[in-house]
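# Analysis of the macromolecular model
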Amino acid sequence: MMGSQALARGEAAALQRHGQQLYQAGNFKAALDVFTEALHSRDADFLGILDNRAATYAKLGQYDRALKDTRQMIKKDKQDERGYLRCAKCLLLDGKSEKALELYAYALKSLPSNHPRREIVEQLHNKLRDRLSAKCCDPFSVMPLEIAAMVLDHFDFKQIVAVLRVSKKWDNFLSSIRDLWMRIDLSGAHGKIHWCSVRAYIRRSKSLVTHAIVKNLSSGSAEKVLQFFSRCPRLEYLEVWTPFSCQTFYDMFKGSRRMRTLVISGHMPVPQEYITKFLGSLPLLENLKIYKARTSPSSKVQWPPALPHLRSIILGTTEGSWLNGHTPALHIPRKQPSVPYSIANLEELCLNSDPDVFFPYPPSFNPIDFTRLRRLDLSGIYISDEFILPPSLEYLRICGGAATEEFPFSNQRPVEFLKLKTLMFRDVPWASNNTMLIFLVEAKAPLEVLHVDSCFRLRGTAFWHSLCKHANDLTELNVSHVIGINDDFSTLIVEKMHKLKIIHMAYTEITGITIKTFADARAAQGNVMKVEQLNVRGCEYVSPDAIAYGRAHGIDIIT
């Protein structure tokens, strides 16, 4: 019996020696077979043979199999240094130096202090650590402060917090950049943010935050977070995207004397009463944006007599009609005779009425009273006979709503809009060929952007010829959902509108011929249109081949 055991041990050892000879001769595949056979022999030196086979796998470039053998070695005996050394060597050969350093560190924790070969592992660990440290370069130690600040300016709240945790050196460096902590934007967070994180951030700024976007807060954090910001004396810009009580919010921020921009999302409905309270209590306010305004009893609504800093008002509502004795949600005060207009310096006005049941919202103001108005954006508004557009307009957008005439504005004819560069009509039932011709021909508007999306009264070849003649400075055109837009129209604008770069033709009658026409024009010589972006979403007669052809010629095609 003893003789057979000795024979088995001798057979395993002989196979291992034979495998080692093949390895030394460079015959790695044969050595691999022999080592594998040796492992199946009784009383084999399991760790030694695995060590040999792992080395052979590494020679063949099969690092995943080599690492599998070394992990078996470590699992078999955590006090044997051979598994750690071979595994680290395989990781280094595989280009994973950081992983190898981690493994050496793990080995030093696992091997006892009196282990006879622990010193070798420690030497290899220190040598690799020093080599990796020599290669690393702390970017914040070599970048000029201005460049480092510009890089950090692109990081969001979550990324800044992660950078702080890299090292104490980075923590100290970031903390020294005061401007970095002046702005806090929680909109990019993937998860919910607890109030503790916001408090820590504000403390780093020494409560000198100037800009804040409040969003993605964990349950129960809203009140504390808003309280923190209300105590920041230099707060100039605030966006709130979380449910909260309007009255409580007003009580918190009515003392923000430096507030210039206030944005309140639809999560917090704001009655007219509080719109006027915000305007009265924030003396430097320039921009006010309320996504969900509501009506209020007229007795509670009092617009301040002077708002010299106010430049932009953007209001939205889902309310339709309102009760007698109430001020509507989108109320803008009308100019009174012989009284200075409190919002005479307004440059932007946007009113969006979007009730569940259509209600043509009658405006309470006249745009002509705003002599500095540059941008006017109206959705769902009824344009009455007293509605006069100021000549200062640079941007006019009208969506939906109602009117009684093709040109419902009460401007004294002929009109002139010599600064109007952007004109957008979307789903406007009264907009006709005559409407557009007044803007283009009579008013001499120098349009660069024209949208007539879903305007069903626009049609006819003669009108499109007029468009090409009087709007040849256009760089962007939207004729989506418009009847009669086909390949003939595309051929016409290629020849006439040389500056056009962006065209929206969604849900029209164009075919692949239009895309080919635009694509070939890009490659043609001469003063012809070079389209960069084309929207053909919903165009049933445009084939995938045509889309591929257009993209191959450099057109960004939206489908």
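Model, not experiment: these values are computed from the prediction.

### So, the overall build of the protein
In terms of helices and strands, the protein carries 20 helices and 19 strands. Rg of the C-alpha trace for the protein: 37 Å, well past the compact-globule value of 24 Å for 559 residues, more than 25% over. Dimensions of the protein, computed from the C-alpha atoms along their principal axes, are close to 120 × 60 × 45 Å. For the protein, with 559 residues in total, the buried portion stands at 48%. Sequence separation of 24 or more characterises 66% of the internal contacts of the protein that already satisfy a separation of 6 or more. Accessible surface, the protein as shown: approximately 28300 Å² in total, 51% of it carbon and sulfur. For the protein, the separation between the mean place of its 71 positive charges and that of its 58 negative charges on side chains is 7 Å.

### Focus: the pattern of salt bridges
Within the structure shown, the criterion is met by 20 salt bridges. Close ionic contact of Arg82 with Asp80 constitutes a salt bridge, the shortest N to O distance being 3.0 Å. In this structure Arg82 comes out as partly exposed when scored by relative accessible area, which is 26%. Between Asp473 and Lys499 there is a salt bridge whose closest N-O contact spans 3.0 Å.

### Regarding the packing of aromatic side chains
For the coordinates displayed, the defined rule picks out 23 aromatic pairs. Their ring planes at 20° and their centres at 5.4 Å tell us that Tyr341 and Phe370 sit as a pair that is stacked. Here the residue Tyr341 occupies a position in the loop between strand E10 (326-327) and strand E11 (348-353), and Phe370 occupies one in the loop between E11 and strand E12 (375-379), the gap between them amounting to 29 residues. Exposure class is identical for Tyr341 and Phe370. Each is buried.

### Some words on unusual backbone geometry
Residue Pro414 is bonded to the preceding Arg413 through a cis peptide linkage, with omega at -5°. Considering the arrangement of structural elements, one finds Pro414 in the loop between strand E13 (395-399) and strand E14 (422-426). Phi is positive for Ser338, close to 65°, though the residue is something other than glycine. Within the secondary structure layout, Ser338 lies in the loop between E10 and E11.

### Side note on the pairing of E12
Across the five residues that make up E12, a large majority, four, are buried. Examined bridge by bridge, E11 and E12 share five bridges and lie parallel to one another. The partner of Asn352 across the bridge, within E12, is Ser379. Bridge count for E12 against E13 is five bridges, and the pairing is parallel. In the sheet register, Leu378 faces E13, and the bridge partner there is Ile398.

### Overview of the packing of helix H2 (residues 28-39) against helix H3 (residues 46-59)
Packing of H2 against H3 brings their axes to within 9 Å, and their N-to-C directions diverge by 155°. By the angle class used here, H2 and H3 are roughly antiparallel. Of the two elements, H2 crosses H3, and the hand of that crossing is left-handed. Mapping the contact onto sequence places Phe28, Ala31, Leu32, Phe35, Thr36, Ala38 and Leu39 in H2 and Phe46, Ile49, Leu50, Asn52, Arg53, Thr56, Tyr57 and Lys59 in H3. Here the contact of H2 with H3 is built from residues that sort into ten nonpolar, three polar and two charged.

### Here's the deal with the environment of Thr242
Tracing the backbone through its elements, the reader meets Thr242 in the loop between strand E3 (237-240) and helix H14 (246-253). Spatially, the C-alpha atoms of Thr242 and Leu378 are 26 Å apart, while their sequence positions differ by 136 residues. Leave out the neighbours within four places in its chain, and Thr242 touches Val214, Leu217, Ala222, Ser265, His267 and Met268.

### Looking at helix H6 (residues 97-110)
The first and last C-alpha atoms of H6 sit 20 Å apart over 14 residues, in line with the 20 Å expected at 1.5 Å per residue. Residues Ser97, Ala100, Leu101, Leu103, Tyr104, Ala107, Leu108 and Ser110 constitute the buried set of H6.

### Quick look at the nonpolar core
Formed by 127 residues in total, the largest nonpolar core has its most connected members in Phe229, Phe249 and Ile332. With 24 residues, the next largest nonpolar core counts Ala58, Tyr63, Ala88 and Tyr104 among its residues.

### Quick notes on the confidence of the model for the protein
Parts of the prediction with low pLDDT should not have their coordinates interpreted in detail. Confidence in the prediction of the protein, expressed as mean pLDDT, is 89, and 91% of residues score 70 or more. Within the model, pLDDT remains below 50 along residues 1-8, and this stretch shows two contacts once partners closer than five positions in the same chain are excluded.

### As for the packing of helix H17 (residues 461-470) against helix H18 (residues 487-496)
One can describe the packing of H17 onto H18 by two numbers: an axis separation of 10 Å at closest approach and a directional angle of 20°. Between H17 and H18, the angle is such that the two are roughly parallel. As for the relative orientation of H17 and H18, their crossing is right-handed in sense. Across the interface between the two elements, Trp464, His465 and Cys468 of H17 pack against Phe489, Leu492, Ile493 and Lys496 of H18. A breakdown of the residues in the contact of H17 with H18 according to their chemical character gives five nonpolar, one polar and one charged.

### With respect to the layout of surface pockets
Taken as a whole, the second largest pocket spans an internal volume of roughly 270 Å³. Here the lining of the second largest pocket is composed, by residue class, of seven nonpolar, four polar and two charged.

### Let's talk about the side chain of Asn345
Tracing the backbone through its elements, the reader meets Asn345 in the loop between E10 and E11. A distance of 3.3 Å separates polar atoms of two side chains, one belonging to Asn345 and the other to Arg372. Residues within four places of Asn345 in sequence aside, it is in contact with Pro308, Leu310, Arg311 and Arg372.

### Here we look at the pairing of strand E9 (residues 312-317)
Most of E9 is tucked away: six of the six residues are buried. Side chains Ser312, Ile314 and Gly316 project from E9 onto one buried face, and the interleaved Ile313, Leu315 and Thr317 project onto a second face that is buried too. Pairing of strand E6 (residues 287-290) with E9, which is carried by four bridges, proceeds in the parallel orientation. Paired with Asn287 across the strands is Ser312, a residue of E9. Where E9 meets E11, six bridges bridge the pair, whose relative direction is parallel. Residue Ile313 lies in a different strand from E11, and its bridge partner there is Leu349.

### A look at H17
When H17 is considered as a whole, its buried residues turn out to be Phe463, Trp464, Leu467 and Cys468. Projected down its long axis, H17 shows its buried positions confined to an angular sector of 140°, all on one face. Opposite the buried face of H17, by more than 90 degrees, sit the exposed residues Ala462 and Lys469. Buried residues along H17 sit in contact with helix H16 (433-442), strand E15 (449-453) and H18.

Conventions and cut-offs
- Residues numbered from 1 in each chain as written.
- Predicted model: local features only at pLDDT ≥ 70, side-chain atom pairs only at ≥ 80, totals over all residues.
- Heavy atoms only, no water.
- Helix = DSSP H or I, 4+ residues; strand = E, 2+ residues; numbered from the N terminus.
- Rg over C-alpha atoms; globule rule 2.2 N^0.38 Å.
- Buried < 20%, exposed > 50% of the residue type's maximum accessible area, 1.4 Å probe, protein only.
- Contact = heavy atoms within 4.5 Å.
- Areas by Shrake-Rupley, 256 points an atom, 1.4 Å probe, with all protein chains shown as cover.
- Lys, Arg positive; Asp, Glu negative; His and termini not counted.
- Charge placed at Lys NZ, Arg CZ, Asp CG, Glu CD.
- Salt bridge = Lys/Arg side-chain N within 4 Å of Asp/Glu carboxyl O.
- Phe/Tyr/Trp six-rings, centres within 6.5 Å; stacked < 30°, edge-to-face > 60°.
- Pairing = 2+ DSSP bridges.
- Axes fitted to C-alpha atoms, helices over the stretch in contact; angles between N-to-C directions.
- Parallel < 35°, antiparallel > 145°, perpendicular 65-115°, else oblique.
- Left-handed = near helix turned anticlockwise from the far one by under 90°.
- Nonpolar A, V, L, I, M, F, W, Y, C, P; charged D, E, K, R; others polar.
- Expected span 1.5 Å × (residues − 1).
- Core = buried A, V, L, I, M, F, W, Y, C linked by side-chain atoms within 4.5 Å.
- pLDDT = per-residue confidence, 0-100.
- 1 Å grid on protein atoms, 1.4 Å probe; cavity = no way out; pocket = protein on both sides within 12 Å on 5 of 7 lines; lining within 4 Å.
- Points joined across faces, edges and corners; volume = space filled by probe spheres on them.
- Polar contact = N/O pair within 3.5 Å; in protein donor to acceptor, adjacent residues only side chain to side chain.
- Arc of directions from axis to C-beta.

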